[in-house]
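One letter stands for each residue in the lines below.
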There are 2 protein chains.
Amino acid sequence: MENQKTRILVAVKLTQSSGEGYPYASESSKAVFEWILQNIVRTNVTRFDLQFLNVHSPDSPYAKDYQADKMMEYFGCRCQMISVGSSSEIRLGHDPKIEICNEVKRVNPDLLVMGTTPKLGYFQRVFRRNVSGSISINEYCLKHAECPVVIVKTRADDQN
Amino acid sequence: MENQKTRILVAVKLTQSSGEGYPYASESSKAVFEWILQNIVRTNVTRFDLQFLNVHSPDSPYAKDYQADKMMEYFGCRCQMISVGSSSEIRLGHDPKIEICNEVKRVNPDLLVMGTTPKLGYFQRVFRRNVSGSISINEYCLKHAECPVVIVKTRADDQN
């Protein structure tokens, strides 16, 4: 047990603000990452492994594959600089909450960490296909992900 | 920042099984404690401070003050044995979820960790005064606690 690493699945998303540019990670995702480093990993870098997961829709007007790649590069570099093990996974899908829970099932992490996500309103539900009900990604993952889940509320949530 | 400890508030409860005896902690509370040690604190014992909180009703037929004291002694000793800083707080109150969120406001921890708690059924709501609605302690704390919250689901939840 002592030699096994704690594996943290970190759900990250792209910024929705056009023109924000590199590294394309949303402010809340960057804040979640910093929170993990400061509060969980701390100086114990050899005992943790961060597995970044991004799910974005193939139809999204703002989320493109190269942006997701660049975002993962950013997190990978940051981890490398402080010698924390990391890996990344990009998935295309219309419903991030389902994809995130499937990924939890697949990799069986010790902890899933994510920022807050808004509950979908009426118009979003009408115009976004394959999104079941108005439950937020957070609520769904808290209920269905088969591992402990931390939702990190940050000031950045107001921005995106 | 490097010298500050990560302060984890751990909500623990007494066992509801009569005759289980010392140390009186519920199986799920002990499992939550072990989860924190194995997955978060690991070998980095000097960087964490565990603050145990127990809230029990003054009218409870099974939760007595001396049992809460003994439970806190148990967790305190376990922490001392591995040199993790700890403290404890016992509060009497009819509504644990309110007390837990008040304690979060008071001590401002980096993380609140708790086991799963069942949603109250109709009869419990009728017979327990001062319990608002049927929302579980977990759901309430996830929504209202002013810090990140981890709910650790354990096999022990089936027992108590």
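Rules and cut-offs
- Residues numbered from 1 in each chain as written.
- Chains lettered and ligands numbered in written order.
- Predicted model: local features only at pLDDT ≥ 70, side-chain atom pairs only at ≥ 80, totals over all residues.
- Heavy atoms only, no water.
- Buried < 20%, exposed > 50% of the residue type's maximum accessible area, 1.4 Å probe, protein only.
- Helix = DSSP H or I, 4+ residues; strand = E, 2+ residues; numbered from the N terminus.
- Arc of directions from axis to C-beta.
- Contact = heavy atoms within 4.5 Å.
- Buried area = accessible area lost by both parts, 1.4 Å probe.
- Polar contact = N/O pair within 3.5 Å; in protein donor to acceptor, adjacent residues only side chain to side chain.
- Nonpolar A, V, L, I, M, F, W, Y, C, P; charged D, E, K, R; others polar.
- Least-squares fit on C-alpha atoms with pLDDT ≥ 70 in both.
- Axes fitted to C-alpha atoms, helices over the stretch in contact; angles between N-to-C directions.
- Parallel < 35°, antiparallel > 145°, perpendicular 65-115°, else oblique.
- Left-handed = near helix turned anticlockwise from the far one by under 90°.
- Salt bridge = Lys/Arg side-chain N within 4 Å of Asp/Glu carboxyl O.
- Expected span 1.5 Å × (residues − 1).
- Phe/Tyr/Trp six-rings, centres within 6.5 Å; stacked < 30°, edge-to-face > 60°.
- Lys NZ or Arg CZ within 6 Å of the ring centre and 35° of its normal.

## Overview of helix 5 (residues 137–144) of chain A
All names here are of chain A. Listed as buried for helix 5 are Asn-138, Tyr-140 and Cys-141. Projection of helix 5 onto a plane perpendicular to its axis shows the buried side chains occupying an angular sector of 165°, all on one side. Tucked inside the fold, the buried residues of helix 5 contact helix 3 (96–107), strand 4 (111–115) and strand 5 (149–152).

## Looking at the interface of chain B and chain A
Every contact between the two is made by 27 residues of chain B and, on the other side, 27 residues of chain A. In total, about 2,100 Å² of surface goes out of reach between chain B and chain A, with carbon and sulfur atoms giving 48% of it. On inspection of chain B and its partner chain A, the count reaches 12 residue pairs in polar contact (both at pLDDT 80 or more). Here the residues of the side of chain B that touches chain A are counted per class, giving 13 nonpolar, seven polar and seven charged.

## Describing the relation of the copies chain B and chain A
Note on the identical chains: chain B maps onto chain A by a rotation of 180° and an axial translation of 0.0 Å, with an RMSD of 0.0 Å. What we have between these two chains is a two-fold relation. Distance from the rotation axis, computed per C-alpha, reaches its smallest value in chain B at Val-150 of chain B: 2.5 Å. Comparing interface residues between copies, 100% of those in chain B also lie at the interface in chain A; the contact surface is shared.

## Remarks on the packing of helix 1 (residues 27–41) of chain A against helix 2 (residues 65–81) of chain A
All names here are of chain A. The geometry of helix 1 relative to helix 2 is characterised by a closest axis approach of 12 Å and an angle of 20° between their N-to-C directions. Put simply, helix 1 runs roughly parallel to helix 2. Between helix 1 and helix 2 lies a crossing whose hand is right-handed. The residues of helix 2 that touch helix 1, namely those facing Ser-29, Lys-30, Phe-33, Glu-34 and Leu-37, are Tyr-74, Phe-75, Arg-78 and Cys-79. Within the contact of helix 1 with helix 2, the residues separate by chemical class into five nonpolar, one polar and three charged.

## Notes on the pattern of salt bridges
Residues and elements named next belong to chain A. This structure, assessed with the given rule, holds 16 salt bridges over all chains. Salt-bridge contacts for Arg-91 lead to Glu-89; the nearest nitrogen and oxygen are separated by 3.5 Å. A relative accessible area of 26% means that Glu-89 is categorised as partly exposed. When salt bridges with common partners are traced through the structure, they connect Glu-89, Arg-91, Glu-103 and Arg-106 into a single cluster.

## Some details on the environment of Leu-111 of chain B
Here Leu-111 of chain B shows up in strand 4 (residues 111–115). Residue Leu-111 of chain B is classed as buried on the basis of its relative accessible area of 1%. Note: C-alpha distance between Leu-111 of chain B and Leu-9 of chain B (102 residues apart in sequence) is 6.2 Å. The residues touching Leu-111 of chain B, leaving out its near neighbours within four places in the chain, are Trp-35, Ile-40 and Val-150 of chain A together with Arg-7, Ile-8, Leu-9, Cys-147, Pro-148, Val-149 and Val-150 of chain B.

## Describing helix 1 (residues 27–41) of chain B
All names here are of chain B. Here helix 1 spans 20 Å end to end across 15 residues, near enough to the 21 Å set by a 1.5 Å rise per residue. When we look at burial in helix 1, the residues that qualify are Ser-28, Ser-29, Lys-30, Val-32, Phe-33, Trp-35, Ile-36, Leu-37, Asn-39, Ile-40 and Val-41. Phi turns positive one or two residues past the end of helix 1, at Arg-42, with a value near 50°.

## Observations regarding the packing of aromatic side chains
Enumeration according to the criterion identifies 10 aromatic pairs over all chains in this entry. Ring centres of Phe-33 of chain A and Phe-75 of chain A lie 5.2 Å apart, and the angle between their planes is 70°; on these two criteria the pair is classed as edge-to-face. Separated by 42 residues along the polypeptide, Phe-33 of chain A in helix 1 and Phe-75 of chain A in helix 2 bring together distant segments of the chain. We note that Phe-33 of chain A, like Phe-75 of chain A, is buried. On the basis of an interplanar angle of 10° and a centroid distance of 4.8 Å, the ring pair of Phe-52 of chain B and Phe-75 of chain B is categorised as stacked. With Phe-52 of chain B in strand 2 (residues 48–56) and Phe-75 of chain B in helix 2 (residues 65–81), the pair connects residues that are 23 residues apart, well separated along the chain. In this pair, the class of Phe-52 of chain B matches that of Phe-75 of chain B, namely buried. Taking the ring centre of Tyr-140 of chain A as reference, the NZ or CZ of Lys-97 of chain A above it sits at 5.6 Å.

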